[in-house]
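# Structural features, examined
What follows is the residue order along each chain.
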Amino acid sequence: MPDLTALPDLAVLPDLRVLHGRGAVTNASGRFESEARFREDDGWGEADDLPPLRTHVSEERAKSIITRNESPDISFDRSINPYRGCEHGCSYCFARPIHAFLGLSPGLDFETRLFAKTNAAELLERELSARNYRPKTIAIGTNTDPYQPIERTRKVMRRILEVLARTNHPVGIVTKSALILRDLDLLGPMAEKGLVKVALSVTTLDKELARKMEPRASAPERRLEAIRRLAQAGVPTAVMVAPIIPALNDAEIEAILTRAQAMGASGAGYVMLRLPLEVRDIFKQWLLAHFPGKLSHVMSLVRSTRGGKDYDPAFGKRMTGAGPYAWTVGRRFEIAASRLGLAKSRTPLRTDLFMPPPRAGEQLQLL
């Protein structure tokens, strides 16, 4: 039996249920809800013929598209998030709590009730054309994945990338999806101008573990193949071992870096598991459902990296953690990355080629 004392904040354990193709095992209410909603066994048992939990996508007309930040922990000051929610279903996703602001659950709602910013490209053109705009690298994929499955049909990311390519604007992309290869026709020419870099997140080489951790993300081999093809096309490509989950995928750090380097990766990074707000309980419930025997061990190591707590949001610590275990992980990563030539200094993208789109009502100049 798992040590349930490791779950002091989980009020409703009967709610646990693994759904095929989904990550979260509950749909508990968000922290802003006035009422708590959860499933309760009424004695009649589970219906075996319930329809699968389908993805519902709402179209959103956003008011702005470039988000600014001043965090000292990250290397960019602006980003774009084409979608709210993410169909990949990673139980540990630190973006899940954002769904609570929409009156939805950070659990299953986050991966099944999505929002597509259909006017993203239009807004981007307008914001890039502002007289006071100064170009710097825009990061995409730092919140939810721009190449999640619904991108195949919605193509919000594709249209954003077309605007960035047309204006020669630098962009850095992070994804877990091989769907990024669809846009090689844009990424290749941008790379030739020094305008793009990509990072593929590879959390494990174990296909079965990947299906449990990231049920609708590309399989590990497909991500490695995406690294190979991007690098082959001249796109600077790094591998992200993110997140590193103690006692679950931490043993694979060196193996992941070795495989990625062999595929053409030219850089690497890592992030220690982060469990802010509702993610804490969602992840614990996921562990209880899939790896009950490891729950106490995993959470003990997590707390050892966060000063005895489930999470510490302090700048300088939230990405890497602190303490002996976190130090060991960091040194292992650094040694492997250095040995494989993946610890190179980052090459900044070019901003001097930027050509702002014409402003509304402004005629194009004739050459």
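Now for a quick tour of the structure. (Residues numbered from 1 in each chain as written. Predicted model: local features only at pLDDT ≥ 70, side-chain atom pairs only at ≥ 80, totals over all residues. Heavy atoms only, no water.)

## Things to note about the overall build of the chain
Note the threshold: A run of H or I in DSSP becomes a helix once it reaches four residues, and a run of E becomes a strand once it reaches two; helices and strands are each numbered from the N terminus. Partly exposed residues are those whose accessible area sits between 20% and 50% of the maximum for their type, while under 20% is buried and over 50% is exposed, using a 1.4 Å probe and protein chains only. Each accessible area is a Shrake-Rupley result for a 1.4 Å probe, and residues are judged covered by the shown protein chains and nothing else.
Per the secondary structure count, the chain includes 11 helices and 10 strands. By residue count, 53% of the 367 residues in the chain fall in the buried class. Counting only carbon and sulfur atoms, one obtains 54% of the accessible surface of the chain, whose full area is about 17700 Å².

## Notes on the nonpolar core
Short version of the rule: Definition used in this section: a nonpolar core is a set of buried Ala, Val, Leu, Ile, Met, Phe, Trp, Tyr and Cys residues joined via side-chain atoms within 4.5 Å. The contact definition used throughout considers only heavy atoms, calling two residues in contact when any of these lie within 4.5 Å.
With 88 residues, the main nonpolar core has Leu124, Leu164, Ile173, Val196, Leu230, Leu257 and Phe283 as its most contacted residues. Apart from the residues lying within four places of it in its own chain, the contact partners of Ile173 are Ile140, Pro146, Tyr147, Met157, Leu161, Ile180, Leu187, Val196, Lys197, Val198 and Ala199. Among the nonpolar cores identified, the runner-up in size contains 6 residues, and Ala199, Met240, Ala242 and Val271 belong to it.

## Focus on the sheet that holds strand E4 (residues 83-84)
Rules: One requirement defines pairing of two strands: DSSP has to find at least two bridges between them.
Strand order in the open sheet formed by 3 strands is E1-E5-E4, and the pairing between neighbours is mixed. Two strands close off the open sheet at either side, each with one partner strand: strand E1 (56-60) and E4. Relative to strand E5 (residues 113-117), E4 is paired through 2 bridges, and the arrangement is antiparallel. The partner of Arg84 across the bridge, within E5, is Phe115.

## Considerations on helix H8 (residues 253-262)
Operational definition: Each C-beta atom gives one direction from the helix axis, and the arc is the one those directions make.
Of the residues making up H8, those classed as buried are Ile253, Ile256, Leu257 and Ala260. Take H8 and look down its axis: the buried residues cluster within an arc of 95 degrees, on one side only. The inward-facing, buried residues of H8 contact helix H7 (220-232), strand E9 (237-244), strand E10 (267-272) and helix H11 (324-339). In the stretch just after H8, Gly264 is the one whose phi turns positive, near 115 degrees.

## Overview of the packing of H8 against H11
Put simply, the rule reads: For helices, the axis comes from a line fit to the C-alpha atoms of the stretch in contact; other axes are also lines fit to C-alpha atoms, and the angle between any two N-to-C directions lies between 0 and 180 degrees. Angular relationships are summarised with four words: roughly parallel below 35 degrees, roughly antiparallel beyond 145, roughly perpendicular across 65 to 115, and oblique for the angles in between. If you view the pair so one helix is near and one far, a crossing is left-handed when the near helix is turned anticlockwise from the far one by less than a right angle, and right-handed when it is turned clockwise. Under the scheme applied, nonpolar residues are Ala, Val, Leu, Ile, Met, Phe, Trp, Tyr, Cys and Pro; charged residues are Asp, Glu, Lys and Arg; polar residues are all the others, including Gly.
Between H8 and H11, the least distance of the axes is 10 Å, while the angle of their chain directions is 25 degrees. Looking at the two axes, H8 sits roughly parallel to H11. Here H8 and H11 pass one another in a crossing that is right-handed. Within the contact between the two elements, H8 uses Ile253, Glu254, Leu257 and Thr258 and H11 uses Val329, Arg332, Phe333, Ala336, Ala337 and Arg339. Here the contact of H8 with H11 is built from residues that sort into 6 nonpolar, 1 polar and 3 charged.

## So, the packing of aromatic side chains
Describing an aromatic ring pair means giving the distance of the ring centres and the angle of the ring planes. Condition: Stacked, edge-to-face and tilted are the three classes for Phe, Tyr and Trp ring pairs, Trp counted by its six-membered ring, which pair at centre distances within 6.5 Å; planes under 30 degrees apart are stacked, over 60 edge-to-face, the rest tilted. Here, over-ring charges are defined by two tests on the NZ atom of lysine or the CZ atom of arginine: distance to the ring centre within 6 Å, and angle to the ring normal within 35 degrees.
One pass over the full model with this rule turns up 4 aromatic pairs. For the ring pair Tyr270 and Phe333, a centre distance of 4.8 Å and an interplane angle of 45 degrees mean the geometry is tilted. Here Phe333 lies in helix H11 and Tyr270 lies in strand E10, a separation of 63 residues in the sequence. Residue class for Tyr270 comes out buried when judged on its relative accessible area of 17%. Of the aromatic side chains, those joined through ring pairs into one cluster are Phe283, Trp286 and Phe291. A cation over an aromatic ring shows up here: Arg274 above the ring of Phe94, its NZ or CZ 4.5 Å from the ring centre.

## Re the sheet that holds E10
With respect to topology, 7 strands assemble into an open sheet ordered E2-E3-E6-E7-E8-E9-E10, the strand pairing being mixed. Each of the sheet's edge strands pairs with one partner strand only, and the pair in question is strand E2 (66-68) and E10. When strand polarity is set aside, the average angle formed by the axes of neighbouring strands in this sheet is 25 degrees. In terms of strand pairing, strand E3 (residues 78-80) meets strand E6 (residues 138-140) through 2 bridges, oriented parallel. Looking at the pairing, Ser79 lines up with Ala139 of E6. The strands touched by H8 are E9 and E10; relative to E9, the strand with the most contacts, the crossing angle is about 165 degrees.

## Concerning the pairing of strand E7 (residues 171-175)
Note the following rule: Crossovers are described as right-handed under a simple rule: with the strands pointing away from the observer, the path leading from the first strand over the helix to the second runs clockwise.
For E7, the buried fraction is high: 4 of the 5 residues fall into the buried class. Bridge analysis of E6 against E7 gives 3 bridges, and the strand direction is parallel. Looking at the pairing, Ala139 lines up with Gly172 of E7. Note: E7 against strand E8 (residues 196-201), 5 bridges, orientation parallel. By the bridge assignment for E8, Val171 is matched with Val196. On the question of chirality, the crossover connecting E7 to the parallel E8 by way of helix H5 (residues 184-192) is right-handed.

## Concerning the pairing of E5
The element E5 is largely enclosed, with a buried count of 4 among its 5 residues. Relative to E5, E1 is paired through 5 bridges, and the arrangement is parallel. By the bridge assignment for E5, His56 is matched with Arg113.

## With respect to the pattern of salt bridges
Keep this limit in mind: By salt bridge we mean one thing: a side-chain nitrogen of Lys or Arg within 4 Å of a carboxyl oxygen of Asp or Glu.
Evaluation of the coordinates by the stated rule reveals 23 salt bridges. Across the salt bridge formed by Glu122 and Arg61, the nearest N and O atoms sit 3.6 Å from each other. Of the two residues, Glu122 is situated in helix H2 (residues 120-128) and Arg61 in the loop between E1 and E2; the sequence distance between them amounts to 61 residues. According to the relative accessible area criterion, Glu122 is exposed, its value standing at 52%.

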